[in-house]
Amino acid sequence: MAGNDWINSYLEAILDVGPGLDDAKSSLLLRERGRFSPTRYFVEEVITGFDETDLHRSWVKAAATRSPQERNTRLENMCWRIWNLARQKKQLEGELAQTNAKRHIERERGRREATADMSEDLSEGEKGDTPSDLSTHGESIRGRLPRINSADAMEAWASQQKGKKLYIVLISLHGLIRGESMELGRDSDTGGQVKYVVELARALGSMPGVYRVDLLTRQVSAPDVDWSYGEPTEMLTLRNLEDDEDEMGESSGAYIVRIPFGPKDKYIEKELLWPHIPEFVDGALSHVIQMSKVLGEQVGGGKPVWPVAIHGHYADAGDSAALLSGALNVPMLFTGHSLGRDKLDQLLKQGRLSREEINTTYKIMRRIEAEELTLDASEIVITSTRQEIEQQWRLYDGFDPVLERKLRARIRRNVSCYGRFMPRMAVIPPGMEFHHIVPHDGDIDGEIEGNDDHPTTPEPPIWPEIMRFFTNSRKPMILALARADPKKNITTLVKAFGECRPLRELANLTLIMGNRDEIDEMPSTNASVVLSVLKLIDKYDLYGQVAYPKHHKQADVPDIYRLAAKTKGVFINPAFIEPFGLTLIEAAAYGLPMVATKNGGPVDIHKVLDNGLLIDPHDQQSIANALLKLVADKQLWAKCRQNGLNNIHLFSWPEHCKSYLSRIAACKPRHPQWQQSDDGGDASDLDSPGDSLRDINDISLNLKFSMDGDKGASGNDSYLDSEGNLGDGNKSKLENAVMAWSRGSSKESRRSDRGEQSQGSVFPALRRRKHIFVIALDCDDNSSLVEAIRQIFASVEKETTQGSIGFILSTSLTITEIESFLASGGFNPSDFDAFICNSGSELYYSAPGSEDGQFVVDFYYHSHIEYRWGGEGLRKTLVRWASSVMEKKADSDEHIIIPSEQLSTDYCYVFKLQRLVTPVKELRKALRIQALRCHVVYCQNGSRINVIPVLASRSQALRYLYVRWGVELTNMVVFTGESGDTDYEGLLGGVHKTVVLKGVCSSANSLLHLNRSYPLSDVIATDSPNVSYTTQGSSSSEIRSSLQKLGCIKA
């Protein structure tokens, strides 16, 4: 068993006392069960993945017991505990089998329904249902995009890219990230991913056509970490820029940009970052907008240079990238590095923690939902190996290789996919920087002795630290470089080495297991591995043959590879599963042959490099034989070494970046489509008389006046030509409408029960507000909402009269319902600057004094959120789902779910409910299985379902207002109740202020939120300084007190 070196001696002890367990003095229970062989039972029945640290402690106590009778009793008890473990194993296997069977049925049903919708003109390529053809969801390394294999080819490709000025944003949130002296291994969050993203940013910044790369991460100003992690910006040193120095600009290059979010002055692990992600998104959005403007002035001819792609790394950054790309309407890429569903399965198989305990410890369900969202939002998912696609991504609802193959075939034939979308899976192995690596020939004696013509270079400090362990340091070195983690299978390697006498005579073993001071201070899992290694060294008497230094620096790693190569050694990665295996590439670059696990990425690496042998990590003898074969056969060793050196360029960073940029170039460009130079403007210019004319001349405003907000008003087909622009006739109509609105606005005064105010001519009015109050109360009835709005108005009556505060009504209602509500509550549409309708799928502005209507819709908001909107194909699927629900409830006369054509719009499909029929997560899952991407919102206390575009929401609408009109998010105050619709959680996070009104919306149906797969605390920072709670009653004075506490108004 992984990480349990005591198993062999434990089994031997059971054999020694075996007869004692069957004699007359043994327990009655065991005798009743008949002859019982604990050894055989243990080997045959107990799952190998269990972590049995507690059993190990029990065995230590048993082994230390002198009394044979007491010792036998302890061992007998352990046998029963083993039986219990086996029972847990069977139970877990049964649950897993049921889960897999259910998943298979759901997926098959989803495929059938999706295929039925797309049944016309199916080609032979679409009819196949085997995922073995990976060309559509993960090309091989030598696949459709051939990798560059010569300097001439790279030069030709580079010449084609010159003249481009690309801006790329990378996101990696957790861990400690800096460009130099990376503290890899400092903690579990600062590992290979940190090195990967920094080197990727540096490599992309060196590529022709790339002007700037920003790597966004968390700013950490904590006393227990280095001060450098608190620096807002760090410029990365680029490689190989001698030929492109003339293309460098003031802001070009690659940078680490640290965004402050989460607890101040505290470094926290990644599992605790989830509630703070909205705060990061808002900070990152501000940076990207400002940088786009700066780059626009430098290389964009005055127009913003938007990112060509936003690339998230790991689930937390993927969640952030989805929200950020949605707010900016730019393409998103994602790299998982490791995936939540796979980890959940592994942890369940270990049997140490229940599903609830796993979720509490690792926030695993929140992570899985974030990964599902990345599948919804990503244009491309980049993987290192095909194994990641075949065995890991296919576990997710949002990715099905079979359905993806059908969709890809239809896309190639330019046939409609009926609203279905699947991200493109691209296998692009990580790169390496090889320019500084010079493989050496010779042996260690030649390195040490030297001569007069070639004096020796000083020994790297790490060499004597390793060689002091060896009795004979001239023997070939078997090198393992991995952290002390049971998954890395280091103990099996030591056993294989210790039990193979020929291997021990021919070679030494070096174990680089991270850094440690005292074993007792290490995490228990890591300490267990180190202790196991030390005990095995003692058991096999490997002193003088195994090195296990306590410390090494990241800068020492190349010297460690060099030392192993000088001794004609071998590099080994015996992990049970290795997602990729970057160390195998690094070792090959220094001339080391490899022995590696056959599970995961090393298989792909071996196909390319052909520089070693693959082994079964569970087979101790296989490991020993492979190592012995390479060490003993010098011809084979030399062949593998040379193959690795000849093919290693296929894993260079330029190769990686070329494939990476080619993938991005294949994406459909997306970016904000309005003329930002016309929309923007400093606050100091907003009172200029020319503002209204400037707005009117901005034809890209693309607004339409509407009195009733019916379905026709939410479609933009009639106003746009085939190129997506306004036709000449519509231009004049729009100009006349806005001019009429502007004249009426400047002539009339704004009148309401809050006083009179002269209304300026700037459109929209919220552009010139000091603060924006967003009323997002999901009340059960209109009377409660009316009363709450009046209390909010009364709390800031003075500031409203001065014109410094504007209001936005954010709701699940349609614009028609809002108009009726305003009339019934005695409100004027001009009391609000904007209306966020249909759960965030519609955005209207008030149009006071207009002859054409009271509301004006922002059609560019539609173009901003329509990414992957399923349209009619989604609507048909939803109607079919509603019908199936009704059929299941055929015994009931009531219509529990009814599609509402009257309330539905082009970007919001509405269903009325008599009672809750399906949890949100189940409906979302069913749609994802069919490759339909959308955001399902249960609203109005569970009496309505709004289905809107996947990246649309009420919180995203606020970010749109910032991007579109420059309305600062820090100047927004969102008013919510104690509960609300199922998108309620998105309104509580971010840099805006939030006032929670106690006693408002408190009776919302708890079932709406209880059906989520993770607790609310995983997405809401309850201790945020930006959130204030009123006391019960929420009177105007209490609301004002909360606003003062947040610093929004003066006392």
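Whatever comes next refers back to the structure up there.
Read on for an overview of the structure. (Residues numbered from 1 in each chain as written. Predicted model: local features only at pLDDT ≥ 70, side-chain atom pairs only at ≥ 80, totals over all residues. Heavy atoms only, no water.)

**Details of the nonpolar core**
Residues Ile171, Leu328 and Leu961 are the most contacted members of the largest nonpolar core, which totals 108 residues. One finds Met467, Ala480, Val529 and Tyr548 within the second-largest nonpolar core, a separate group that totals 76 residues. (Core = buried A, V, L, I, M, F, W, Y, C linked by side-chain atoms within 4.5 Å. Buried < 20%, exposed > 50% of the residue type's maximum accessible area, 1.4 Å probe, protein only.)

**Thoughts on unusual backbone geometry**
Although it is not a glycine, Tyr418 sits at a positive phi angle of roughly 55°. Of note, Tyr418 is situated in the loop between helix H16 (401-412) and strand S8 (424-427). (Helix = DSSP H or I, 4+ residues; strand = E, 2+ residues; numbered from the N terminus.)

**Quick notes on the pairing of strand S27 (residues 972-976)**
When you tally the buried positions in S27, you get 5 out of 5 residues, the bulk of the element. Where burial is concerned, the two faces of S27 agree: the one with Met972, Val974 and Thr976 and the one with Val973 and Phe975 are both buried. The pairing of strand S18 (residues 771-775) with S27 spans 4 bridges and is parallel. By the bridge assignment for S27, Val774 is matched with Val974. Judged from the 4 bridges that link them, S27 and strand S28 (residues 993-996) form a sheet pairing that is parallel. (Pairing = 2+ DSSP bridges.)

**Some points on the packing of aromatic side chains**
All chains considered together, the criterion is met by 21 aromatic pairs. Seen from their ring centres, Phe793 and Phe827 are 5.8 Å apart, and the 90° between their planes marks the pair as edge-to-face. With Phe793 in helix H31 (residues 782-795) and Phe827 in the loop between helix H33 (815-825) and strand S20 (834-837), the pair connects residues that are 34 residues apart, well separated along the chain. Comparing Phe793 with Phe827, the two get one shared label, buried. Grouping aromatic residues by their ring pairs yields a cluster made of Phe773, Phe793, Phe807, Phe821, Phe827, Phe832, Phe835, Phe855 and Phe975. The ring of Phe261 carries the charged tip of Arg218 above its face, separated from the ring centre by 5.8 Å. Above the ring of Trp965, the side-chain terminus of Arg964 is found at 4.3 Å from the ring centroid. (Phe/Tyr/Trp six-rings, centres within 6.5 Å; stacked < 30°, edge-to-face > 60°. Lys NZ or Arg CZ within 6 Å of the ring centre and 35° of its normal.)

**A short note on the pattern of salt bridges**
A side chain of one charge can pair with a side chain of the opposite charge when the charged atoms of the two come close. Under the criterion given, the structure shown has 39 salt bridges. As a salt-bridge pair, Arg769 and Asp833 come within 2.8 Å of each other at their nearest N and O atoms. With Arg769 in the loop between strand S17 (755-758) and S18 and Asp833 in the loop between H33 and S20, this pair connects stretches of sequence that are 64 residues apart. Considered together, Arg769 and Asp833 belong to a single accessibility category, that of buried residues. Between Arg954 and Asp983 there is a salt bridge, with its nearest N and O atoms 2.8 Å apart. Of this pair, Arg954 sits in helix H37 (residues 954-965) while Asp983 sits in the loop between S27 and S28, and the two are 29 residues apart along the sequence. (Salt bridge = Lys/Arg side-chain N within 4 Å of Asp/Glu carboxyl O.)

**Side note on the environment of His313**
Within the secondary structure layout, His313 lies in strand S5 (residues 309-313). For His313 and Gln193, which are 120 residues apart along the polypeptide, the C-alpha to C-alpha distance reads 8.1 Å. Here the side chain of His313 touches His337 through a polar contact of 3.0 Å, side chain to side chain. (Polar contact = N/O pair within 3.5 Å; in protein donor to acceptor, adjacent residues only side chain to side chain.)

**Topic: the pairing of strand S1 (residues 166-171)**
The element S1 is extensively covered by neighbouring structure, given that 5 of its 6 residues are classed as buried. Relative to strand S2 (residues 210-218), S1 is paired through 6 bridges, and the arrangement is parallel. Looking at the pairing, Tyr167 lines up with Arg212 of S2. Where the polypeptide runs from S1 across helix H9 (residues 192-205) and back to S2, its parallel neighbour, the crossover connection is right-handed. The pairing of S1 with S5 spans 4 bridges and is classified as parallel. Across the sheet, the residue bridging to Val169 is Ile310, located in S5. (Right-handed = clockwise from strand over helix to strand, strands pointing away.)

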